[in-house]
Amino acid sequence: MKLERDAHPLNVNSLTPRQIVQELDRYVIGQREAKRMVAIALRNRWRRQQLPPELRDEVMPKNIIMIGPTGVGKTEIARRLAKLAEAPFIKVEASKFTEVGYVGRDVESIIRDLTEAAVGLVKARHLEEVRQKAEQLGEERLLDLLLPSQKSSMGFAADDPDGTPSPAAESLEATRSKLRLQLREGKLDHRLVEVEVKERGLPVGIISGPGGMEELENNLRDMLGGMFPGKKKKRTMKVPDALKHLTQEEAQRIIDMDEVVREAVTKVEQTGIVFLDEIDKIAGRERSAGPDVSREGVQRDLLPIVEGSTVNTKYGPVHTDHILFIAAGAFHVAKPSDLIPELQGRFPIRVELDALTKDDFVKILTEPRGSLMRQYQSLLATEGVTLEFTPDGLEEIAATALQVNDQTENIGARRLFTVMERLLEQVSFDGAEAADRHVVIDAAYVKDRLQGVVKDQDLSRYIL
Ligand SMILES: Nc1ncnc2c1ncn2[C@@H]1O[C@H](COP(=O)(O)OP(=O)(O)OP(=O)(O)O)[C@@H](O)[C@H]1O
Ligand SMILES: [Mg+2]
């Protein structure tokens, strides 16, 4: 059965840059400039898709470097963008990679992982598309298991050659309908059935050792997995679990994996996004002597991928020409100009993130969906304790975080985590056992709890 589908729909998100920024605003405070840049980059993917093919191939992505101190939202922007993009996305730490020939991951694994992610994405969509059909088939198979005599002894009633069901078949069909109804009403949920399940082809971890073996093992498992498709084994499970299992099996059977892979590879090539975090950690051109892996070497390895080359993956060759790279780094010590010139040229867009202000801190505490304030409130609400933060309380928390950042080390918004944890330690400990179920966090409370620690610089170095 083949489903009607557009030829390789790319589903590039069609949000306008303004809408993308608005979406990002819901999770990341401030950083307008950076948001605008990534929004434009994302929109350009969509614009490129609208071009005639000859021109489309000419338009190269404009890669971006986000520069900013630690904890101001670089990774957060990338993470949220990924959700928005509906495109294959991967976040990697540049510092994890090493020059070819050294222990560690080689840079091509970025593209292999990205492709893997795309296959997962596309497969999930295909599975979703066939879900209804699969649910029907799964249900029928489960009924076969629950009514074993029917299928083995006389086949399906509907298959009757002359179309008029025999009385026996009719009553069987009636039983089946009754059972189906009971199944749907959940009346069989407690029953157990025996289901055949496939076992995984190869045990995990047979050859993996430290370092680069992981890749090899994955490839081996894929190869061997294909040769030995796994033994079948009977397992007893509850009816709902069996239904889920059979439905999944049916769905896997219906979808066309070749099609999934083709689509995924196109998606990676045309819309993939790689977020290269900690790029500053590989900046620096001097070849360090000794056992250190050369940073320049990693940059040189990255170059072909960023410039556009072909990487072999288990899903076939993947061209990297149009993959968008967003790099980020604090660049405390190294500067973007410390990157090798070829790589610098490949990241024409630079955007600096702002240091966060007290106002930003207050907003970060309160505004994003899963803000810290809401997290603590929800956690304590599970025990019937309500936490109320007054405006001056929030200001005081923000001011404290800022002060500690100044006095010790600036770790940006991450400071809010340590400050909040310390501030709410007593409340968290007491929980429902506290005499007072309604706790008001105002400026006085914050001062009372934190001032001692903040004043003592040595102490705050350890605690906050
Ligand atoms: N602008 C912001 N808006 C909302 N939350 C933020 C913002 N900046 C930081 N945060 C919070 O701080 C945490 C750390 O931020 P993030 O991981 O983005 O830092 P970073 O800029 O990538 O730092 P690093 O250079 O250390 O990687 C986030 O998980 C988020 O909760
Ligand atoms: Mg980060």
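Numbering of residues starts from 1 in every chain and runs along the sequence as written. Chain labels run from A onward and ligand labels from 1 onward, assigned in the order the entries are written. The predicted origin of the model limits local features to residues at a pLDDT of at least 70 and limits the giving and counting of side-chain atom pairs to 80 or more, whereas totals for whole chains, interfaces and linings rest on all residues.

Trainee: What am I meant to see in the overall build of the protein here?
Mentor: Secondary structure elements are defined from DSSP: runs of H or I of at least 4 residues count as helices, runs of E of at least 2 residues count as strands, and each element is numbered from the N terminus. Looking only at helices and strands, the protein has 20 helices and eleven strands in total. Per-residue burial over the protein gives 30% buried out of 464 residues. If you take every contact in the protein between residues at least 6 apart in sequence, the share linking residues at least 24 apart comes to 80%. Partly exposed residues are those whose C-beta has more than 12 but fewer than 20 other C-beta atoms within 10 Å; with 20 or more the residue is buried, with 12 or fewer it is exposed, and the C-beta atoms are placed from the backbone. Residues are defined as contacting one another if the C-beta atoms placed from their backbone atoms lie within 7 Å.

Trainee: How do you make sense of the nonpolar core when you look at a structure like this?
Mentor: Most often, soluble globular proteins have nonpolar side chains that are buried together. Each nonpolar core reported here comprises buried Ala, Val, Leu, Ile, Met, Phe, Trp, Tyr and Cys residues connected via C-beta atoms within 7 Å. Val38, Ile64, Val274, Ile326, Phe361 and Leu365 are the most contacted members of the largest nonpolar core, which totals 84 residues. No other element matches the seven residues that helix H5 (residues 108-129) contributes to this core. Taken together, domain 1 (17-125 + 259-352) and domain 3 (358-455) each give at least three residues to this core, which thus spans both. Residues in contact with Val274, not counting those within four places in the same chain, are Ile90, Val92, Ile110, Leu114, Ile323 and Phe325. Leu188, Val239, Ala242 and Leu243 belong to the second-largest nonpolar core, a separate cluster that totals six residues. How far each domain reaches was decided by an automatic or database domain assignment.

Trainee: Any chance you could explain the sheet that holds strand E1 (residues 64-67) here in plain terms?
Mentor: Remark on secondary structure: sheet strands pair via backbone hydrogen bonds, oriented parallel or antiparallel. At least two DSSP bridges between two strands are required for those strands to pair. Ordered in space as E2-E5-E8-E1-E9, the five strands form an open sheet in which the pairing is parallel. Two strands close off the open sheet at either side, each with one partner strand: strand E2 (89-93) and strand E9 (349-352). Within this sheet the neighbouring strands show an average axis-to-axis angle of 20 degrees, counted without direction. Two elements, E2 and strand E5 (residues 273-277), share five bridges in a ladder whose sense is parallel. If you follow Ile90 over to E5, its bridge partner there is Val274. Every axis in this analysis is a line fitted to C-alpha atoms, fitted for helices over the stretch in contact. Angles between the N-to-C directions lie between 0 and 180 degrees.

Trainee: How should the packing of helix H16 (residues 391-407) against helix H19 (residues 443-455) be read in this particular structure?
Mentor: Angle between the axes and distance between the axes: these two values describe a pair of packed helices. Where H16 contacts H19, the axes come no closer than 8 Å and their chain directions differ by 15 degrees. Taken together, the axes of H16 and H19 are roughly parallel relative to one another. Both H16 and H19 take part in a crossing whose hand is right-handed. Mapping the contact onto sequence places Asp392, Gly393, Glu395, Glu396, Ile397, Thr400, Gln403 and Val404 in H16 and Ala443, Tyr445, Val446, Lys447, Leu450 and Val454 in H19. As a working rule, the residues Ala, Val, Leu, Ile, Met, Phe, Trp, Tyr, Cys and Pro are called nonpolar, Asp, Glu, Lys and Arg charged, and the rest polar, with Gly in that last group. In terms of residue class, the contact of H16 with H19 is made up of seven nonpolar, three polar and four charged. Each angle gets one of four labels, with under 35 degrees taken as roughly parallel, over 145 as roughly antiparallel, 65 to 115 as roughly perpendicular, and the rest as oblique. Crossing chirality is assigned from the near helix's rotation relative to the far helix, an anticlockwise turn below a right angle marking it left-handed and a clockwise turn marking it right-handed.

Trainee: Before we go on, may I ask you to explain the confidence of the model for the protein in this structure?
Mentor: Regions with low pLDDT should not have their predicted coordinates read in detail. For the protein, the mean per-residue pLDDT works out to 83, and 83% of the residues sit at or above 70. How sure the predictor is of each residue is captured by pLDDT, a score from 0 to 100. Considering only residues more than four positions removed or in separate chains, one finds that residues 150-160, a stretch of pLDDT under 50, has twelve contacts.

Trainee: Whenever I open this one, H19 confuses me. Can you help?
Mentor: Residues lying three or four places apart along an α-helix face the same way, a consequence of the helix completing one turn every 3.6 residues. Across the chain, bend at a residue is computed as the angle between axes fitted to the seven residues ending at that point and the seven starting from it. Of all the bends in H19, the greatest, near 40 degrees, is centred on Arg449. Every buried residue of H19 is accounted for by Tyr445, Val446, Arg449, Leu450 and Val454. In this structure, the buried residues of H19 make contact with H16, helix H17 (414-423), strand E11 (438-441) and helix H20 (457-463).

Trainee: Would you mind going over the site of ligand 1 with me for this structure?
Mentor: Lining the immediate surroundings of ligand 1 are 18 residues, of which Thr70, Gly73, Lys74, Thr75 and Ala413 lie closest. If you tally residues by element for the shell around ligand 1, the top one is helix H4 (residues 74-85), at three residues. Residues from two domains meet in the shell around ligand 1; each of domain 1 (17-125 + 259-352) and domain 3 (358-455) gives at least three. Contact assignment follows one rule, namely that a residue is near a molecule or strand if its backbone-placed C-beta atom lies within 6 Å of it.

Trainee: Even after reading the chapter, I still don't get the environment of Asp458, so can you show me in this structure?
Mentor: Considering the arrangement of structural elements, one finds Asp458 in helix H20. On the neighbour-count criterion, Asp458 (8 C-beta atoms within 10 Å) is exposed. For the pair Asp458 and Gln407, spaced 51 residues apart in the sequence, the C-alpha separation amounts to 9.9 Å.

Trainee: What's the story with helix H2 (residues 32-49) in this structure? I'm lost.
Mentor: With 18 residues, H2 extends 26 Å between its outermost C-alpha atoms, agreeing within 8% with the 26 Å of an ideal straight helix rising 1.5 Å per residue. Inspection of H2 places Ala34, Lys35, Met37, Val38, Ala39, Ala41, Leu42 and Arg45 among the buried residues, and these make up the whole buried set. Residues of H2 that are buried sit in contact with helix H1 (17-25), E1, H4, helix H11 (257-271), strand E8 (324-329) and E9. In a helix, the anticipated span is given by 1.5 Å times the number of residues less one.

Trainee: Explain the environment of Met257 to me, please; I cannot follow it from the model alone.
Mentor: Within the fold, Met257 resides in helix H11. In the structure, Met257 is positioned 131 residues away from His126 in sequence and 9.3 Å away in space, judged by C-alpha atoms.

Trainee: Quick question: what am I supposed to make of the pairing of strand E4 (residues 232-238) here?
Mentor: The side chains of a regular strand alternate, first on one face of the sheet and then on the other. Within E4, only zero of the seven residues are buried, which leaves it mostly out in the open. With seven bridges connecting them, strand E3 (residues 192-198) and E4 associate as antiparallel partners. If you follow Val193 over to E4, its bridge partner there is Met237.

Trainee: Can you walk me through unusual backbone geometry in this structure?
Mentor: What you tend to see is this: most non-glycine residues have negative phi, and most peptide bonds are trans. Despite not being glycine, Gln31 shows a phi value in the positive range, around 55 degrees. Positionally, Gln31 belongs in the loop between H1 and H2. Residue classification places Gln31 among the buried positions, given that 26 C-beta atoms sit within 10 Å. Of note, the phi angle at Phe331 is positive, near 50 degrees, even though the residue is not glycine. Its location among the elements puts Phe331 in the loop between E8 and helix H13 (341-346). The exposure class of Phe331 is buried, given the 21 C-beta atoms found within 10 Å.

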